[in-house]
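Residue strings, one per chain:
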Amino acid sequence: NSAWLVAWHHEKLFYSVLLMIELLLTLIEINRRISFDLPISPQYRLYLKVPFGLYLGWISIAIIANIAAYLTKTEWDGFGLDPRFWQMFMVLFGTLITCWSVFKLNNVAQGLVVLWALGGILMVRINDAIPSLSVNLLITFCALLILFTTLNRTKYWAV
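Every value quoted in this text rests on a predicted model; they were computed, and no experiment measured them. All residue numbers refer to position in the chain's written sequence, counted from 1. At least 70 in pLDDT is required for a residue's local features to be given in this predicted model, at least 80 for side-chain atom pairs to be given and counted, and no such filter applies to totals for whole chains, interfaces and linings, which use all residues. For the side-chain quantities, the full set of heavy atoms in the structure was used; hydrogens and water were omitted.

Attention now goes to the overall build of the chain. Only DSSP runs of H or I covering at least 4 residues are called helices, and only runs of E covering at least 2 are called strands; the numbering of each starts at the N terminus. Tallying secondary structure elements over the chain gives 6 helices and 0 strands in all. Tracing the chain from N to C terminus, the helices and strands come up as α-α-α-α-α-α. Both definitions apply: the radius of gyration is a C-alpha atom measure, and the globule rule equals 2.2 Å times residues to the power 0.38. Over its C-alpha atoms the chain spans a radius of gyration of 17 Å, differing by no more than 12% from the 15 Å that the globule rule assigns to 159 residues. Judged by the C-alpha coordinates and their principal axes, the chain covers about 50 × 35 × 25 Å. Here the term buried applies to any residue with accessible area under 20% of the maximum for its type, exposed to any over 50%, and partly exposed to those in between, with areas from a 1.4 Å probe on protein chains only. Within the chain, buried positions represent 36% of all 159 residues. Whether two residues are in contact is decided by their heavy atoms: any pair within 4.5 Å suffices. Considering only contacts within the chain whose residues lie at least 6 apart along the sequence, 72% involve residues at least 24 apart. All accessibility values rest on the Shrake-Rupley procedure with a 1.4 Å probe; residue burial counts only the protein chains present in the view. Taken as a whole, the chain presents about 9,600 Å² of accessible surface, with 73% of it coming from carbon and sulfur. Here the chain holds 11 positive side-chain charges and 8 negative ones, and the gap between their average locations is 14 Å. Within this scheme the basic residues Lys and Arg register as positive and the acidic residues Asp and Glu register as negative, but His and the chain ends are omitted. Throughout, a charge is located at the NZ atom of Lys, the CZ atom of Arg, the CG atom of Asp or the CD atom of Glu.

Here you go:
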C-alpha cells in the first residue's frame, strides 16, 4: 500500500495500477486464508474478516478508479466506443468480482463497502448535468445484486 501511495503521489499511474493489482490479489488471498485456512475460533476470524473485508472492498473500488485515471491520462479512446459503455462495463465488472468474492469468501464487509461506493457514485451521477438513465439503472441493479448477495451471506458471517 505504501508503494502505491508513492506511485500515485508522483503520478506514475501505470505503476500505480500494477501495484493495486498486486494489492488486490494479496488481499484476496488473505481473505481466503481467514475464511478457510486458519484453525482459529469463529469470533477471532470475525475480528480478522471485518478489517480485511473492508480493505478488500476499498481496494476493489480504488483499482477501478486507478485504471480509469490511467486511461484518461494516456488519452485512451476506448476503441471508439461511447464512454458510457466503459462506465457500465467497469461497474458490471466490479459488481461481478464483488459478488463472487462475497459469496466465495463469506465476507459481508467487502460487499457493504462496495455497496456504499456504488451508492455514492449513483448520487454523483444523478446530479450530473446530463444524467445517463442506462448507466444509473445499471448502477442501481448492481447495487441491488450486491445487497442480495451480501444479505445472503450474513448467515455464514462467522463461519
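What follows deals with the confidence of the model for the chain. pLDDT measures how confident the predictor is about each residue, on a scale from 0 to 100. Per-chain confidence: the chain averages 87 in pLDDT, with 92% of residues scoring 70 or above. Confidence, read as mean pLDDT per element, is least for helix α3 (residues 42-73) in the chain (87) and greatest for helix α1 (residues 2-9) (93).

Salt bridges are identified by distance alone: a Lys or Arg side-chain nitrogen within 4 Å of an Asp or Glu carboxyl oxygen. Throughout the structure, instances matching the rule amount to 3 salt bridges. Between E29 and R32 there is a salt bridge, with the nearest N and O atoms lying 2.8 Å from each other. Taken together, the positions of E29 and R32, both in helix α2 (residues 13-37) and 3 residues apart, correspond to about one turn of that helix. Taking relative accessible area as the criterion, E29 reaches 28% and is therefore assigned partly exposed. D82 is the partner of R84 in a salt bridge, and the nearest nitrogen-oxygen pair spans 2.6 Å. Residue R84 is classed as partly exposed on the basis of its relative accessible area of 41%. When salt bridges with common partners are traced through the structure, they connect E29, R32 and R33 into a single cluster.

Attention shifts here to the side chain of S60. Within the secondary structure layout, S60 lies in helix α3. Among the polar contacts made by the side chain of S60, one reaches the main-chain carbonyl oxygen of L56 at a distance of 2.7 Å. In this view, S60 contacts L24, Q110 and V114; residues no more than four positions away in its chain are not counted. A 3.5 Å cut-off defines polar contacts: any pair of N or O atoms within that distance qualifies, except that in protein one atom must be a possible hydrogen donor and the other a possible acceptor, and neighbouring residues in sequence count only when both atoms are side-chain atoms.

Two packed helices can be described by the angle between their axes and the distance between those axes. Put simply, helix α4 (residues 83-105) and helix α6 (residues 133-153) touch, their axes get as near as 10 Å, and they point 0 degrees apart. The pairing of α4 with α6 is recorded here as roughly parallel in orientation. Contact with α4, carried on its side by R84, Q87, M88, V91, L92, T95, T98, C99, V102 and F103, involves S134, V135, L138, I139, C142, L145, I146, T149, T150 and R153 of α6 and no other residues of that element. Across the contact of α4 with α6, the residue classes tally to 12 nonpolar, 6 polar and 2 charged. Convention adopted: a line fitted to C-alpha atoms gives each axis, helices being fitted over their contacting stretch, and angles between N-to-C directions are expressed from 0 to 180 degrees. Oblique is the label for any angle not under 35 degrees, not over 145, and not in the 65 to 115 range, which are roughly parallel, roughly antiparallel and roughly perpendicular in turn. Note on residue classes: Ala, Val, Leu, Ile, Met, Phe, Trp, Tyr, Cys and Pro are nonpolar, Asp, Glu, Lys and Arg are charged, and everything else, Gly too, is polar.

Attention shifts here to the nonpolar core. As a rule of thumb, soluble globular proteins bury nonpolar side chains together. W4, M20, L23, L24, L27, L56, I59, A62, I63, I64, M90 and L105 form the largest nonpolar core, which has 12 residues in total. For this core, the secondary-structure elements that each account for two or more residues are α2, α3 and α4. Top contributing element to this core by residue count: α3, with 5 residues. Not counting the four nearest positions on each side in its chain, W4 is found in contact with S16, L19, M20, W58 and N66. Ranked by size, the runner-up nonpolar core spans 11 residues in total, among them C99, L122, V135 and I146. Here the nonpolar core consists of buried residues drawn from Ala, Val, Leu, Ile, Met, Phe, Trp, Tyr and Cys, with membership extended through side-chain atoms lying within 4.5 Å.

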